[in-house]
Amino acid sequence: MITVPKFFNTAGPIQQDIHYNVDPLKRINLDEIMDLIDQRKYFILHAPRQTGKTSCLLALRDYLNEQGEYIAVYANVEAGQAARNNVEEVIRSTIGTIAERTGTVLGNDVAWDIYDELCRRNGQINSLLTSFLKRLSETLPRPLVLFIDEIDALVGDSLVSVLRQIRAGYDQRPQHFPI
């Protein structure tokens, strides 16, 4: 691989090996966030644009996976914005993104297999995301921590459907639903 001198990044999440940066885990209160995760709470990381939220989530994902107590997956669902109020397309896009990112973390296709099985059963779109996350969580050997980025890009009924389906599994954490 070519060695690149470090430079200032203005185009997205940092890559610590090539970008000048402040360690993303030092920019957040890691103890407080770990308490929230250990307490199985949902939380929002809110800050202005281009301030390092995604870099922090990616670093947190890597940190959690290195610790070995959780399986952490980061998924950016912004692509669903193009479907606007087509709830079915947004739900399928969201699940596809989570399945793809889960496969990267696990190094297998277990999430895609779950999605394919649920689609063959003709699952109701209003519960497909909930069913997918439940089955995925039950399949994994450790609790799943799911970081969803850019969810605010979704609009209208699509956003409501995604949020309600995530909320629907809240009482089943951590054995049967992501934290």
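Owing to the predicted nature of the structure, the values given are computational and were not obtained by experimental measurement.

(A) Expanded view of the side chain of aspartate 149. Following the sequence through the fold, aspartate 149 ends up in strand β2 (residues 144–149). Although aspartate 149 lies buried, it forms no salt bridge, and the closest oppositely charged side chain, lysine 53, sits 6.9 Å away as judged by the N-O distance. In this structure, aspartate 149 is in contact with Thr54, Leu57, Tyr74, Ala75, Asn76, Val77 and Glu78, ignoring residues within four places of it in sequence.

(B) Inspection of the pattern of salt bridges at higher detail. Within this structure, the stated rule accounts for five salt bridges. Taking the shortest distance from any N to any O, the salt bridge between glutamate 88 and arginine 92 comes out at 3.1 Å. Note that glutamate 88 and arginine 92 are positioned in helix α3 (residues 87–106) at a spacing of four residues, about one turn of the helix. Across the pair glutamate 117 and arginine 135 runs a salt bridge whose closest N-O atoms are separated by 3.2 Å. Residue glutamate 117 is located in helix α4 (residues 110–120), and its partner arginine 135 is located in helix α5 (residues 125–139); the two are separated by 18 residues in the primary sequence. Its relative accessible area of 25% is what places glutamate 117 among the partly exposed residues. With relative accessibility at 24%, the residue arginine 135 sits in the partly exposed group. Here the residues in one salt-bridge network are Glu117, Arg121 and Arg135, joined through shared partners.

(C) Local environment of the packing of helix α1 (residues 30–38) against helix α2 (residues 53–67). Closest axis-to-axis distance for the α1/α2 pair is 13 Å, and the angle between their directions is 65°. Between α1 and α2 lies a crossing of right-handed hand. On α2, the residues that touch Leu30, Ile33, Met34 and Ile37 of α1 are Leu60, Tyr63 and Leu64. When grouped by side-chain class, the residues that make up the contact of α1 with α2 number seven nonpolar, no polar and no charged.

(D) Region of interest: the pairing of β2. Buried residues dominate β2, accounting for five of its six residues. Note that strand β1 (residues 71–76) and β2 share six bridges and pair parallel. In the sheet register, valine 73 faces β2, and the bridge partner there is leucine 146.

(E) Expanded view of α1. Turning to α1, its buried residues number three or more, namely Leu30, Ile33, Met34 and Ile37. For α1, the angular spread of the buried residues around the axis is 100°, confining them to a single face. Buried-residue contacts for α1 involve α2 and β2.

Cut-offs and rules
All residue numbers here refer to positions counted from 1 along the written sequence of the relevant chain. Predicted model: local features are reported for residues with pLDDT of at least 70 only, side-chain atom pairs are reported and counted for 80 or more only, and whole-chain, interface and lining totals are derived from all residues. Note: side-chain values were computed over all heavy atoms of the structure, leaving out hydrogens and water. Strands here mean DSSP runs of E at least two residues long; helices mean DSSP runs of H or I at least four residues long; both are numbered from the N terminus. Remark: exposure states derive from per-residue accessible area (1.4 Å probe, protein chains only) relative to the maximum for the residue type, with buried under 20%, exposed over 50%, and partly exposed in between. For the purpose of counting charges, residues Lys and Arg are taken to be positive, whereas Asp and Glu are taken to be negative. His and the chain ends are not included. Just to be clear on terms, a salt bridge is a Lys or Arg side-chain nitrogen sitting within 4 Å of an Asp or Glu carboxyl oxygen. Residue contacts are defined here by distance: any two heavy atoms, one from each residue, within 4.5 Å place the two residues in contact. Helix axes are fitted only over the stretch in contact, all axes being lines through C-alpha atoms; the angle between N-to-C directions runs from 0 to 180 degrees. Note on convention: the crossing is left-handed when the near helix lies turned anticlockwise from the far helix by less than a right angle, right-handed when the turn is clockwise. Here the nonpolar group is Ala, Val, Leu, Ile, Met, Phe, Trp, Tyr, Cys and Pro; Asp, Glu, Lys and Arg are the charged ones; every other residue, Gly included, is treated as polar. At least two bridges found by DSSP between two strands are what make those strands a pair. It is the directions from the helix axis to the C-beta atoms whose arc is reported.

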